[in-house]
Amino acid sequence: MTEASGSGMPGPNDPGRTRQGKAGSLIAGAILAALLAVCGAGAAQSQDLSSPTRLAFMSATRLLVSDSRRHAVFVIDSATLRSVASVPIPGDPLGVAWGAGRLFVGNETRGAVEVYAPHMTPPAKARSRDVRNARRHKRDDARPGRYKEKARRGDDRESREIRDRDDEDDPPDADEHDDTRGSAAAGSLRFEKRYDLGLGSGSVGSPADIAVDEGRQLVFVVDGITRNVKVFAVGGALLRTLPDVAAGAPALAQPTAIAIDPARSEVLVSDFGEPGAFGTEAWVRIYGYDGTYHAGISGNTVPGYRFSRPQGLAIDAAGHVLLVDSLLGQVLVFDRLTLQGLAKVGELGTARGQLLLPLDVALHPVDSTVYVTDNRNGRVGAFPRVGW
């Protein structure tokens, strides 16, 4: 198992801890605080991450990880699990997704899903060369006409020697020795905000998780405040909401995360339920794209695979459903057709290979390595696929 680590603890805006549904999170928080006291502090921290929340693949080599404490989305190398870039977010980023060449970020502070487009900045060496050439031309323009013309052509030995001495006396540009912004050969990845989904601020009360269907150009967003899933066009228009309760689909109590299966046109939603003696149990609800109800996995009915604090979800082409249980510190694997348990990934704790308040899961698009945001340990873990 491979890990990248950070430092610190999650902020107050953990997914599932919505303005209307904090009770379940507070119960889990109290239990986890006790576990922290027993387990002790985590390993030495060395990564930029502090409170990793949601994650999604941008490509086979790049992961996107939201961090509400750092107010940023980090771009992580999937092999080394090291940060290679970051996108500052003016607020608390929760859900994150990549699709249609765009970065989608759920900003809980604004109650909106923000859309960013990537671009490459010029390589550092090219920037420095351009600045130096501009300075040369400025100096040449201030010189006598005969010398100025020769300096432009570079065909006079005296003019070349003077120019070289000027360059030596010229202080280097700040970019010339700055390798922190990416490869000098390839430049650096940057993101620019382009627009919001819907009507902007307030369009999504608590955008806890996001999924994108590139083929249909659809964006699915879990809203923890309105307790539904909003479906937008990639361009921003709100198309509909799920589930279709009027058609008999069960309502969501405290939805926290989402995954989509474009091949089956299905939306999977993890739901805390209503914890307590007279509350409702936790579920994974499976709806069609049209909001009708297809199936569900109860937190109390699969022997050996019970769960109570469901968070992140993923599903592969073979119908393997991966569900994070933040309280158990595990990822549970179910079969979509039989709805039975198949395997477990990780275990509760702070050591390598263990998880403390995991919040999301994603599968590598090539080798199906399981990536998990390990929130309380401040890291992202990578687990090999074994037994399913």
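Criteria and cut-off values
- Residues numbered from 1 in each chain as written.
- Predicted model: local features only at pLDDT ≥ 70, side-chain atom pairs only at ≥ 80, totals over all residues.
- Heavy atoms only, no water.
- Helix = DSSP H or I, 4+ residues; strand = E, 2+ residues; numbered from the N terminus.
- Buried < 20%, exposed > 50% of the residue type's maximum accessible area, 1.4 Å probe, protein only.
- Contact = heavy atoms within 4.5 Å.
- Pairing = 2+ DSSP bridges.
- Axes fitted to C-alpha atoms, helices over the stretch in contact; angles between N-to-C directions.
- pLDDT = per-residue confidence, 0-100.
- Salt bridge = Lys/Arg side-chain N within 4 Å of Asp/Glu carboxyl O.
- Core = buried A, V, L, I, M, F, W, Y, C linked by side-chain atoms within 4.5 Å.
- Phe/Tyr/Trp six-rings, centres within 6.5 Å; stacked < 30°, edge-to-face > 60°.
- Lys NZ or Arg CZ within 6 Å of the ring centre and 35° of its normal.
- Lys, Arg positive; Asp, Glu negative; His and termini not counted.
- Polar contact = N/O pair within 3.5 Å; in protein donor to acceptor, adjacent residues only side chain to side chain.

A.B. asks: Please explain the overall build of the chain as it appears in this structure.
C.D. replies: The helix and strand inventory of the chain stands at four helices and 26 strands. A burial count over the chain gives 55% of its 388 residues as buried. Sequence-distant contacts, at least 24 apart, represent 53% of the contacts inside the chain between residues at least 6 apart.

A.B. asks: Got a minute to help me understand the pairing of strand β15 (residues 266-271) in this structure?
C.D. replies: Both faces of the sheet carry side chains from a regular strand, because those side chains alternate between them. Across the six residues of β15, six count as buried, placing the element largely inside the fold. Burial along β15 is two-sided: the residues Glu266, Leu268 and Ser270 and Val267, Val269 and Asp271 are all buried. Here strand β14 (residues 255-261) folds back onto β15 in antiparallel fashion, the turn holding four residues, of which serine 265 has a positive phi close to 55°. In the sheet, β15 pairs with strand β16 (residues 283-288) via six bridges, with the strands oriented antiparallel. Bridge assignment links valine 269 to a residue of β16, and that residue is arginine 285.

A.B. asks: What is the right way to read the sheet that holds strand β10 (residues 207-213) from this model?
C.D. replies: Backbone hydrogen bonds hold the strands of a sheet together, and the pairing may be parallel or antiparallel. What the four strands build is an open sheet, ordered β10-β11-β12-β13; its pairing is antiparallel. Each edge of the sheet is formed by a strand with only one pairing partner; in this case those strands are β10 and β13 (238-242). Ignoring strand direction, the axes of neighbouring strands in this sheet form an average angle of 20°.

A.B. asks: Looking at this model, I keep getting lost on the confidence of the model for the chain. Mind explaining?
C.D. replies: Detailed reading of the predicted coordinates is not advisable wherever pLDDT falls low. Chain-level pLDDT for the chain is 81 on average; 70% of the residues reach the 70-or-more range. Ignoring residues within four places in sequence, the model shows residues 170-187, a span with pLDDT below 50, making 33 contacts including any to other chains.

A.B. asks: Honestly, the sheet that holds strand β21 (residues 341-345) in this entry has me stumped. Any pointers?
C.D. replies: Strands sit in the order β18-β19-β20-β21 across an open sheet of four strands; the sheet is antiparallel. Of all the strands in the sheet, the pair left with one neighbour each is β18 (310-315) and β21. Each neighbouring strand pair of the sheet contributes to a mean axis angle of 25°, computed without reference to strand direction. Of the strand pairs in this sheet, strand β20 (residues 330-335) and β21 are connected by four bridges, and their pairing is antiparallel. When the bridges of β21 are listed, leucine 332 appears paired with lysine 344.

A.B. asks: Honestly, the pattern of salt bridges in this entry has me stumped. Any pointers?
C.D. replies: A side chain of one charge can pair with a side chain of the opposite charge when the charged atoms of the two come close. Considering all chains together, one arrives at twelve salt bridges under this definition. Between arginine 264 and aspartate 261 there is a salt bridge, and its shortest N-O distance comes to 2.3 Å. Each of Arg110, Glu114, Lys193 and Asp196 takes part in a single network of salt bridges with overlapping partners.

A.B. asks: What exactly am I supposed to notice about unusual backbone geometry here?
C.D. replies: Excluding glycine, most residues fall at negative phi; most peptide bonds, likewise, are trans. Between leucine 242 and proline 243 the backbone carries a cis peptide bond, its omega angle lying at 0°. By the secondary structure assignment, proline 243 is in the loop between β13 and β14. Positive phi outside glycine occurs at glutamine 217, with the angle close to 60°. Examined against the element boundaries, glutamine 217 turns out to sit in the loop between β10 and β11 (218-223). According to the relative accessible area criterion, glutamine 217 is partly exposed, its value standing at 36%. Positive phi, normally seen in glycine, also occurs at arginine 227, with a value near 60°. Within the secondary structure layout, arginine 227 lies in the loop between β11 and β12 (228-233).

A.B. asks: What is the right way to read the nonpolar core from this model?
C.D. replies: Within soluble globular proteins, side chains that are nonpolar tend to cluster in buried spots. By size, the foremost hydrophobic cluster in this structure holds 17 residues, and its most contacted members are Ile297, Phe307, Leu313 and Phe334. The contact partners of isoleucine 297, leaving out residues within four places of it in the chain, are Ala282, Trp283, Val284, Val302, Phe307, Phe334 and Leu339. Among the nonpolar cores identified, the runner-up in size contains 16 residues, and Ala211, Val231, Ile260 and Tyr287 belong to it.

A.B. asks: Even after reading the chapter, I still don't get the packing of aromatic side chains, so can you show me in this structure?
C.D. replies: What describes a pair of aromatic rings is the distance from one ring centre to the other and the angle between the planes of the rings. This structure, assessed with the given rule, holds five aromatic pairs. Between phenylalanine 57 and tyrosine 371, the ring centres sit 5.3 Å apart and the planes meet at 85°, which makes this aromatic pair edge-to-face. Pair noted here: phenylalanine 57 is in strand β2 (residues 52-59) and tyrosine 371 is in strand β25 (residues 370-374), with a separation of 314 residues, a long-range link. This pair shows no difference in class: phenylalanine 57 is buried, exactly as tyrosine 371 is. Ring pairing ties together the aromatic residues Tyr305, Phe307 and Phe334, which thus form one cluster. It is arginine 285 that lies over the ring of tryptophan 283; its NZ or CZ is 4.0 Å from the centre. Here arginine 309 stacks its cationic end above the ring of phenylalanine 272, 5.8 Å away from the centre of that ring.

A.B. asks: Got a minute to help me understand the side chain of aspartate 325 in this structure?
C.D. replies: The topology assignment puts aspartate 325 in strand β19 (residues 320-325). It is arginine 309 that comes nearest to the buried, bridge-free aspartate 325 among opposite-charge side chains, at 7.2 Å. Reaching out from aspartate 325, the side chain makes a polar contact with the backbone nitrogen of arginine 309 at a distance of 3.5 Å. Setting aside anything within four residues of it in sequence, one finds aspartate 325 in contact with Arg306, Phe307, Ser308, Arg309, Gln330 and Pro358.

A.B. asks: When you look at the pairing of strand β3 (residues 62-67) in this model, what are you seeing that I'm missing?
C.D. replies: Summarising burial for β3: five of the six residues are buried, a large majority. Looking at chain direction, β2 and β3 are connected through five bridges and run antiparallel. If you follow proline 52 over to β3, its bridge partner there is aspartate 67. Here β2 folds back onto β3 in antiparallel fashion, the turn holding two residues. Across six bridges, β3 lies against strand β4 (residues 72-77) in antiparallel orientation. Its bridge partner being in β4, arginine 62 is matched across the sheet by aspartate 77.

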